[in-house]
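# Summary of the model geometry
Single-letter residue listing:
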Amino acid sequence: MSAELIAILAVGAALGGVLLTSLRGISDRLGKVEERLGRVEQRAARLEGLIEGAGLFRPAEAIEPATGG
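What you see is a predicted model; the values in this text were computed from it and never measured.

### Description of the overall build of the protein
Each helix and strand in the protein was counted, giving one helix and zero strands. When the accessible surface of the protein is split by element, carbon and sulfur atoms take 63% of a total near 6,700 Å².

Shown next, in the form of structure tokens:
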């Protein structure tokens, strides 16, 4: 094998290793974002329930549409 071919294969292997390491880190970060988003969704649902339970706002279904006539 020529020196150029060995260099090309070595660079390819190095780039593959860097990509795999980067993708693993990104995957971990996305997992954490997903967990945080789940907690935000739970909090928003809780707030919606509290607001509806307090009777501060009428549900959207109870509001009659305006008639244009």
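### Concerning helix H1 (residues 3-54)
Across its 52 residues, H1 extends 76 Å between first and last C-alpha, which sits within 8% of the 76 Å expected from 1.5 Å per residue. For H1, the buried fraction is low: zero of the 52 residues fall into the buried class. Gly 55 occupies a position one or two residues after H1 and carries a positive phi of about 75 degrees.

### Comments concerning a nonpolar patch on the surface
There is a patch of nonpolar side chains on the surface, built from Met 1, Leu 5, Ile 6 and Leu 9 and spanning about 430 Å² of accessible area. Along the chain, Leu 5 turns up in helix H1. By relative accessible area, which is 38% here, Leu 5 ends up partly exposed.

Criteria and thresholds
Residues numbered from 1 in each chain as written. Predicted model: local features only at pLDDT ≥ 70, side-chain atom pairs only at ≥ 80, totals over all residues. Heavy atoms only, no water. Helix = DSSP H or I, 4+ residues; strand = E, 2+ residues; numbered from the N terminus. Areas by Shrake-Rupley, 256 points an atom, 1.4 Å probe, with all protein chains shown as cover. Expected span 1.5 Å × (residues − 1). Buried < 20%, exposed > 50% of the residue type's maximum accessible area, 1.4 Å probe, protein only. Patch = residues over 30% accessible without salt bridge, like charges linked within 9 Å, V, L, I, M, F, W, Y side chains within 5 Å. Salt bridge = Lys/Arg side-chain N within 4 Å of Asp/Glu carboxyl O.

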